[in-house]
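Each chain is listed here by its residues.
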Amino acid sequence: MESAYIYDAVRTPRGKGKQDGSLHRVKPVRLLAGLLTALASRNRLDPADVDDVVAGCASATGEQGAAIGKAAALLAGWPDTVPGMQLDRFCASGLEAVNIAAAKVMSGMESLVVAGGVESMSRVPMGAAGGAIPLDPELMNLAFYVAQGVSADLIATLGGYTREKVDEFALHSQQKAAAALAEGWFRNSVVPVRDRLGELVLAVDEICKPDTTMEILARLKPSFAKMGALGMDQVAIAKYPQVQSIIHVHTAGNSSGVVDGASAVLIGSRAAGERFCLRPRARIVTTAVVGSEPTIMLTGPAPAVRKLLAKAGMSLSDIDLFEVNEAFASVVLRFMDELGVPEEQVNVCGGAIALGHPIAATGGMLVATLLDELERRQLRRGIVTLCAGAGMGIAALIERV
Amino acid sequence: MRDANYEINEAGIAIVSIDMAGKLNIMNDAYVAMLDEALTRLEAERENFVGVIVTSAKDGFVAGGDVNKILALRDTGGNAAQAFIGHLKAQLRRLETLGRPVAAALNGTALGGGLELALACHYRVAIDGPKVRFGFPEVGLGILPASGGVVRAVRLLGLLKALPLLTQGKQIAAREALALGLIDAVAADRAEMMANAQAWLLANPKAAQPWDRKGFAIPGGDMFNLANASALSVMPAMIFKQTRGLLPAAERILATAAESTLVGFEAALAIEGENFCELLASPAAESLMRTMFLQMNEISAGASRPAGAEKKRFRKVGVLGAGMMGRGIAHACASAGIEVVLKDVSLEAAEGAKALAAKIFDARVQRGGMTAAARDEALALIRPAARLAELAGCDLVIEAVFEDVALKQRMFAEVAAVLPADAILATNTSTLPISLLAKGASTPKNFIGLHFFSPVEKMHVVEIICGAETGQTCLAQAYDFVQQIKKTPIVVNDHRGFFTSRVFSMYPDEGDRLLREGVDPAVIENLGRQTGMPVGPLAVQDEVMMDMMLRAYQANQKLDAELGGDYAATFQVCGETQAMMCGLDRPGRAAGRGFYDYKADGEKTLWPGLAGLFGGNTGMPARDIKDRLMFRMVVEALRCLDEGVVETLRDGNVGSILAFGFPVHTGGVFRFVQSYGAAAFMTRAGELARTYGARFEPPAGPIRRLGAGH
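Residues numbered from 1 in each chain as written. Chains lettered and ligands numbered in written order. Predicted model: local features only at pLDDT ≥ 70, side-chain atom pairs only at ≥ 80, totals over all residues. Heavy atoms only, no water.

S.K.: What's the story with empty space enclosed by the protein in this structure? I'm lost.
M.R.: Where empty space is left can be seen by rolling a probe of water-molecule size over the atoms. Using the criterion set out here, one finds six cavities of 30 Å³ or more in the structure. Quantified by volume, the largest cavity comes out at close to 100 Å³. Every residue along the wall of the largest cavity is listed here: Gln234, Ile237 and Ala238 of chain A together with Phe240, Lys241, Arg244, Asn526, Arg529 and Gln530 of chain B. Mapped by element, the contributors of at least two residues to the lining of the largest cavity are α9 (225–239) of chain A together with α10 (235–243) and α22 (521–530) of chain B. Broken down by class, the residue content of the lining of the largest cavity amounts to three nonpolar, three polar and three charged. The set of elements that each furnish at least two residues to the lining of the second largest cavity consists of β2 (13–18) and α1 (29–44) of chain B. The leading source of residues in the lining of the second largest cavity is α1 of chain B, at four residues. When its residues are assigned to classes, the lining of the second largest cavity shows nine nonpolar, no polar and no charged. (1 Å grid on protein atoms, 1.4 Å probe; cavity = no way out; pocket = protein on both sides within 12 Å on 5 of 7 lines; lining within 4 Å. Points joined across faces, edges and corners; volume = space filled by probe spheres on them. Helix = DSSP H or I, 4+ residues; strand = E, 2+ residues; numbered from the N terminus. Nonpolar A, V, L, I, M, F, W, Y, C, P; charged D, E, K, R; others polar.)

Written out as structure tokens, the structure is:
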């Protein structure tokens, strides 16, 4: 089997996902196209050599519909011969794109693939594409579906994570992100977004709140208590009868931020790298995807990582850094508890609570962040993992070369 | 025309007035034939009229489907249901595409299929009468409106307005229906209604349904439209909160209604039909229809009342003992217009009780269920008293004093002196044998048990208990009394625990056994509620108060010693556990602590001390826990049937549901066995018996009877 190498990984800064966010005036296909252009110029790449553009996009409707990967290639002026696609595995889409690209290369089917994702939550809100799982009552009943925030609160209840504990985790995320931004740790992978006239629109992630305190976080109201009271708590308890009542601890302050953004990772075979004079930065050792219990929904990362390590023939002690998507604070707390991973190794630059989670773009962004950080710290191996809707988990293991 | 009157008036309006045999217009085979005939005639004579009014010659419009017919369709199986509703749908389609405007003149209540008929008309005007109601009761029978009701309601009103009507089975008055958009106009009386309908027809010669017009869009858009989506995203959970996932109809109606917004009219009808047939085949539908409709109707019609005895109307009732039960009974009598003498040891006590009964009335007035004038009239019927002599002239006296044999017997002897010879003497005891108490009565054939449940104003069932010497006339009159105060009578024979207490006691007993075996109390409680019981077995003990239950347990032990028998032993674990809890000064909710700790705001959490006493780490399959709770009650009910405590399945089924909340989707304790399948039930009971104890062994005789299906 071939090896799949990461030659480069870029991302846009994350703009606030509301109408007053900096990236709100930039259409999503352009966010992705800009990254394709950047990849080509940074790596002196002839786009004609790219075999496929695999783009994750979760709310694939309206201006994000119709195979946005191909649309971005067209907009970037890439040759007609470069195909593109869109895929959806909810929050795991970006990493799924990377994993599919790795599979294409490792199988020998393709040589050079761009993989990533795009999500403009300010222009195409979450849920805009509808869907069977979140809205068809038949499926909701079958799966004992609850809103993901209620799932996160269920995780907190089962794990004994108090409001204070999840707020503390959120505070750390903000602090780490603020430090990373101040130190410029993201500079290598972040490509500033410019408008048609070349004017700068956004250069850095904009929603981080360095001045966050525990008091500020404590004042926020729980976001999912009402939904829980309407009936979702009862649905969750029906699956988890050992729970007397669900403690609602998640707020806007300890859940992932709503943002706009895109990511793109250049993945190829050894031969392609040599042929196109690309320097490999890391190898994608292996990938894994799992399904998990849909009511609690967000517990996929631990089983995904276990599956990953088993496939790689490695153990946790072989891994230096983890990027565990901060969908909600309790998700990461549970991951760390379940696997026994110390907090010092997890999300060292902060995470989605501070920086934002542009749904389908996030997986690619975390690959870029992890790679930069492994290089900066001269460490060897890292794992990216995310939970996803309907009960799924995804992971990828990268190793610097 | 058979079952309807057909005429064309001078204004050129064809009037079809449905008038079937019997008191109500019901959608049975005769109705279907009538509608076929009417439609054929309307189609043939279209050139002779400019519009159609569909109305009814009865007090009501059309009362909905014939439950017997629906059950027969279920039993026939195959394509029968699809064919039948296909025919109904085709009929309504013929009506709404007749090519002439059609108005529904709703002179009275239109429910279910009757409302569907109205929705297939282009215009609806209703008499705004006090008893006129509109609604879709199908969800309560475990099915859905299948002649286009879901589809048309959604297309007329939009999802958000149609869904509560379809999923909750509420019946609304004309004004509310008008505000909702379900009907177009109201009228004061028949004449005004007909004139209104006629005027509309003449002014709208080219009427067509909105969904048959070009450019039609469902109000509010389809299910994915943002406004609908946010409501829809919580609706399954809201339904689950009510039904615990045990009643599929409401969920299925939601799914059908949502899907109907994505497809064309014919496809929507097909989807509605498919979902109806699937619901019809569900065990819950059969249980609901047989128990909550047919068996309830049998009880209302007096199936357990001795035939031949003349119907008795009570004018003056005496209540001995003005405690919680006594004042509740007084409230029930006064509500029904019966004069009631409420006697206690002191006038002060009796007047205090009347004041508390007044509070029950006040709450009804506040809710809008009663006018202040009606309340005052009813309150005036309650006469507080302290002297036995004031009970003179009562046709019925109900005793509701402390559970003390000697006290009760003495009271019966004393009151007999002031009562007419044929007066009925009833006791509200929940523990003491009727035949034992009857020894205090001068005329045992007129002595009977009337077991009310607490709180009386909310509990609609009364358990009538016949002592060994209770006469048939007494039973018949007791039955009449319960119906007169608008409650549901079930008839049982005098055995220890009667029927309801005996069967229900098994629930907390089994819950306590699970607790003592070390099962996590949170799991016991949640799984108890998941079976469909209103509260978990531990919470129920807290609510009834364990000190009271302990006293009853000890009273039963004493009776066992005195009379022979072993009744108290059947809930011994419960009694012992309650003794333990009361010994720890944790008697229940009213004290702020029992199995749970109770906060001032009503919130409760399980007492952490339970772990120290009983553990809580014993693993047990969830299925076993749920089955133990259910089967324990059902097997005891089967023993009651075997011993002749209860003689009919209907009394057991209805009694169990109404008296202690046995899950309604099962159809009651006996229907539970039939739904499960008698053979499968025996197998499972055997498994439970082998693993957990002989108390799960059912008696063989009743199983045979239940297997035979009567």
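Don't stop here, the text continues.
S.K.: Would you take a moment to explain the interface of chain B and chain A for this structure?
M.R.: By convention, interface size is frequently given as the accessible area that disappears when the constituent parts associate. Chain B puts 26 residues into the contact, and the matching count from chain A is 22 residues. Between chain B and chain A, the buried area comes to about 2000 Å², and carbon and sulfur atoms account for 69% of it. Taken together, chain B and chain A are joined by zero salt bridges. Counting across the interface, chain B meets chain A through five residue pairs in polar contact (both at pLDDT 80 or more). (Contact = heavy atoms within 4.5 Å. Buried area = accessible area lost by both parts, 1.4 Å probe. Salt bridge = Lys/Arg side-chain N within 4 Å of Asp/Glu carboxyl O. Polar contact = N/O pair within 3.5 Å; in protein donor to acceptor, adjacent residues only side chain to side chain.)

S.K.: Can you help me understand the sheet that holds strand β3 (residues 51–56) of chain B in this one?
M.R.: Strand pairing in a sheet takes place through backbone hydrogen bonds and is either antiparallel or parallel in direction. Residues and elements named next belong to chain B. Overall, mixed pairing links the six strands, which are arranged β1-β2-β3-β4-β6-β9 in an open sheet. The sheet is open, and its two borders are formed by β1 (4–8) and β9 (185–187), each paired with just one other strand. Pairs of neighbouring strands in the sheet enclose a mean axial angle of 20°, with direction left out of account. Sheet topology note: the β3/strand β4 (residues 102–106) ladder contains three bridges and is parallel. Bridge pairing in β4 links Ile53 to Ala103. Against the sheet, α1 engages β1, β2 and β3, with an angle of about 170° to β2. Sitting on the sheet, helix α8 (residues 190–203) is in contact with β2, β3, β4, β6 (123–127) and β9, with an inclination near 155° to β3. (Pairing = 2+ DSSP bridges. Axes fitted to C-alpha atoms, helices over the stretch in contact; angles between N-to-C directions.)

S.K.: Can you walk me through the packing of α9 of chain A against α10 of chain B in this structure?
M.R.: The relative placement of two packed helices is expressed as an angle between their axes plus a distance between the axes. Between α9 of chain A and α10 of chain B, the least distance of the axes is 7 Å, while the angle of their chain directions is 70°. By the criterion of interaxial angle, the relationship of α9 of chain A to α10 of chain B is roughly perpendicular. For the crossing formed where α9 of chain A meets α10 of chain B, the hand is left-handed. Residue-level inspection shows Ala229, Leu230, Gly231, Met232, Gln234, Val235 and Ala238 of chain A of α9 of chain A in contact with α10 of chain B, the latter providing Ala237, Met238, Phe240 and Lys241 of chain B. Broken down by class, the residue content of the contact of α9 of chain A with α10 of chain B amounts to eight nonpolar, two polar and one charged. (Parallel < 35°, antiparallel > 145°, perpendicular 65-115°, else oblique. Left-handed = near helix turned anticlockwise from the far one by under 90°.)

S.K.: Can you help me understand unusual backbone geometry in this one?
M.R.: Note: most peptide bonds trans; most residues except glycine with negative phi. Each neighbour pair has its own omega, and for Ser454 of chain B with Pro455 of chain B the value is -5°, a cis peptide bond. Along the polypeptide, Pro455 of chain B turns up in the loop between β15 (447–451) and β16 (461–466). Positive phi values are uncommon outside glycine, yet Ala66 of chain A reaches one of about 60°. Structurally, Ala66 of chain A is set in the loop between β3 (52–56) and α2 (68–75). Owing to a relative accessible area of 73%, Ala66 of chain A belongs among the exposed residues under this scheme. Although it is not a glycine, Asp3 of chain B sits at a positive phi angle of roughly 65°. Looking at the element boundaries, Asp3 of chain B is found in the segment before β1. Relative accessible area serves as the criterion here: at 16%, Asp3 of chain B is assigned to the buried category. (Buried < 20%, exposed > 50% of the residue type's maximum accessible area, 1.4 Å probe, protein only.)

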